[in-house]
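Residue-level listing of the chains:
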Amino acid sequence: QKVRVKVPASTANLGPGFDSLGMALNLYAWIDMAISDQTTIQLLGDQMNGIPTDKSNLIYKVAQMVFQEAGVIYPELEIAMYSDIPLTRGLGSSASAIIGALAGANALIGNKLTPYELFQIASRLEKHPDNVGASLYGGIVVAFWDGERAESIRIEPDVNLEVLVAIPAFQLSTEKARGVMPKQVSMKDAVYNLSHSSLLVAALSTGNLGMIRHAMKDALHQPYRAELIPGMKTLLEQAEHHGALGVALSGAGPTMLALVDARSGQKAELEAFLKDTLAKEGIEAETLWLR
Ligand code: HSE
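Residues numbered from 1 in each chain as written. Predicted model: local features only at pLDDT ≥ 70, side-chain atom pairs only at ≥ 80, totals over all residues. Heavy atoms only, no water.

Asker: Got a minute to help me understand the overall build of the protein chain in this structure?
Answerer: Helix and strand content of the protein chain: 10 helices and 10 strands. By the compact-globule yardstick of 19 Å for 291 residues, the protein chain fits well, its C-alpha radius of gyration being 19 Å. Each principal axis of the C-alpha atoms in the protein chain carries an extent, and together these give about 60 × 40 × 35 Å. Taking contacts inside the protein chain between residues at least 6 apart in sequence as the whole, the part at least 24 apart equals 72%. In the form shown here, the protein chain has an accessible surface area of approximately 13000 Å², with 52% of it arising from carbon and sulfur atoms. Once the 24 positive and 31 negative side-chain charges of the protein chain are each reduced to a mean point, those two points are 1 Å apart. (Helix = DSSP H or I, 4+ residues; strand = E, 2+ residues; numbered from the N terminus. Rg over C-alpha atoms; globule rule 2.2 N^0.38 Å. Contact = heavy atoms within 4.5 Å. Areas by Shrake-Rupley, 256 points an atom, 1.4 Å probe, with all protein chains shown as cover. Lys, Arg positive; Asp, Glu negative; His and termini not counted. Charge placed at Lys NZ, Arg CZ, Asp CG, Glu CD.)

Asker: Sorry if this is basic, but what is going on with the confidence of the model for the protein chain here?
Answerer: When pLDDT is low, close inspection of the predicted coordinates is not appropriate. For the protein chain, per-residue confidence averages 96 on the pLDDT scale, and residues scoring 70 or more make up 100% of the total. Across the whole predicted complex the pTM is 0.95, and at the interface the ipTM reaches 0.98. (pLDDT = per-residue confidence, 0-100.)

Asker: Is there a simple way to think about the site of the ligand in this case?
Answerer: Taken together, A12, N13, F18, D19, H128, D130, N131, T174, R178, R225, G251 and A252 form the complete shell of residues around the ligand. Contact between the ligand and D19: a nitrogen atom at 2.5 Å from a side-chain N or O atom of the residue. One of the side-chain N or O atoms of D130 is found 2.6 Å from a nitrogen atom in the ligand. Summarising the interface, the protein chains cover 95% of the accessible area of the ligand, which totals 260 Å² for the free molecule. Elements with a contribution of two residues or more to the shell around the ligand: α4 (130-137) and α5 (174-179). (Near = heavy atom within 4 Å. Polar contact = N/O pair within 3.5 Å; in protein donor to acceptor, adjacent residues only side chain to side chain.)

Asker: Can you help me understand the sheet that holds strand β8 (residues 246-249) in this one?
Answerer: Backbone hydrogen bonds are what pair the strands of a sheet, in a parallel or an antiparallel way. Judged by pairing direction, the sheet is antiparallel, and its four strands sit side by side in the order β8-β9-β7-β10 without closing on themselves. Bordering the open sheet on either side are β8 and β10 (285-290), each of which pairs with just one other strand. Geometrically, the sheet is characterised by an average inter-axis angle of 20° between neighbouring strands, direction not taken into account. In this structure, β8 lies alongside strand β9 (residues 256-261), joined through four bridges in antiparallel fashion. (Pairing = 2+ DSSP bridges. Axes fitted to C-alpha atoms, helices over the stretch in contact; angles between N-to-C directions.)

Asker: Got a minute to help me understand the pattern of salt bridges in this structure?
Answerer: Any two side chains of opposite charge can pair, on the condition that their charged atoms come close. In this structure the tally under the stated criterion is 11 salt bridges. Note that R178 is salt-bridged to D19, the shortest N-O span being 2.7 Å. Of this pair, R178 sits in helix α5 while D19 sits in the loop between β1 (2-12) and β2 (21-35); the two residues are 159 residues apart in sequence, bridging distant segments of the chain. Taking relative accessible area as the criterion, R178 reaches 30% and is therefore assigned partly exposed. The network of salt bridges with shared partners includes K2, R4 and D32. (Salt bridge = Lys/Arg side-chain N within 4 Å of Asp/Glu carboxyl O. Buried < 20%, exposed > 50% of the residue type's maximum accessible area, 1.4 Å probe, protein only.)

Asker: Sorry, what's going on with the nonpolar core here?
Answerer: In a soluble, globular protein the nonpolar side chains are often hidden away together inside. One finds M33, L102, L161, I212 and L259 to be the most contacted residues of the largest nonpolar core, which totals 65 residues. Ranked by residue count, the leading element in this core is helix α2 (residues 93-108), at eight residues. The residues contacting M33, other than those within four sequence positions of it, are Q1, K2, V3, I59, A63, L77, E78, I79, A101, G104, A105 and L108. Grouped together as the second largest cluster of nonpolar side chains are 23 residues, A239, V247, V260 and I283 included. (Core = buried A, V, L, I, M, F, W, Y, C linked by side-chain atoms within 4.5 Å.)

Asker: Looking at this structure, I do not really get the environment of G282. What am I missing?
Answerer: Tracing the backbone shows G282 in the loop between α10 (267-280) and β10. A residue is classified by how much of its surface remains accessible, and G282, at 66% relative accessible area, is exposed. A sequence separation of 220 residues divides G282 from V62, and the C-alpha atoms of the two residues are 39 Å apart.

Asker: Help me understand the packing of α2 against α4, please; the structure alone is not making it clear to me.
Answerer: Describing two packed helices takes the angle between their axes plus the distance from one axis to the other. Interhelical geometry of α2 versus α4 gives an angle of 50° and a closest axis separation of 9 Å. Judged by the angle between their axes, α2 and α4 are oblique. In the crossing of α2 with α4, the sense of the turn from one axis to the other is right-handed. Along its contact with α2, which presents A95, S96 and I99, the element α4 presents N131, V132, S135 and L136. Considered class by class, the residues forming the contact of α2 with α4 number four nonpolar, three polar and no charged. (Parallel < 35°, antiparallel > 145°, perpendicular 65-115°, else oblique. Left-handed = near helix turned anticlockwise from the far one by under 90°. Nonpolar A, V, L, I, M, F, W, Y, C, P; charged D, E, K, R; others polar.)

Asker: Looking at this model, I keep getting lost on the packing of aromatic side chains. Mind explaining?
Answerer: The geometry of an aromatic ring pair is captured by two quantities: the separation of the ring centres and the angle between the planes. Inspection of every chain in the model, using the stated rule, returns four aromatic pairs. Taken together, a centroid distance of 5.6 Å and an interplanar angle of 75° make the contact between F67 and Y74 edge-to-face. Summarising the aromatic geometry, the rings of F119 and Y137 are spaced 5.4 Å apart at their centres and angled 70° between planes, so their arrangement reads as edge-to-face. Taken together, the positions of F119 in helix α3 (residues 115-126) and Y137 in helix α4 put the pair 18 residues apart, joining distant regions of the chain. (Phe/Tyr/Trp six-rings, centres within 6.5 Å; stacked < 30°, edge-to-face > 60°.)

Set out below in structure tokens:
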């Protein structure tokens, strides 16, 4: 018996919702899994350089966690993965691999674990629930992970909400992008983010797209991470004058993300602005319209 799981990419934070907001994007990875006599791991597509194909592979290890949690033993697996999600760009590629492995392994054992239980394992692995929550539940996910437990609520994105991403041609590790953040923040910055993130969730829940412009601002991580991505500061300050509802760093970056009203007449202008701003800094970027 073989199972195939299709998992979406995701964007985390949406600006102010650091480690707590995620949104699924229609860019996918596929994982095939079967119980076997011998473990084989096949990685297809050009996003896979440097990923191990032995039992140290993340998908293999995560699948074993599902079996362990469910109290069954299947040490050998036949795994194949194909992904359109670029690696280390802030589009949740590792979260997609984790969710694909969890869902695939769980399907192989007759779905002994609930999605909530899979979400707990995934959050424990990532230590933040934003990308994994979005990849598991889809839509927009509001979530916390307190070190022991993860809880979440899914919001249905407004039908007119579109996403434009500009994916720079360089990689940036989450570790490095978290490393530039301060260990402590001021009460002023904490309140700034709390209020903006709350307003953003309310705007997204009620379809008040006009409010996104005011809400999608952050003081906790983007000001520090901007030094790692040339052009980011200009995009954060000016993209809304070129048709974006709001703009943010996608996860830990370097991908930049704009939320856009599908009815806006400025889609081509915004896309050109994103590309040109990064190009002026010597950064080649691929743009994609997602939702
Ligand atoms: N919330 C995480 C971060 C997502 O911004 O570091 C990246 O994995």
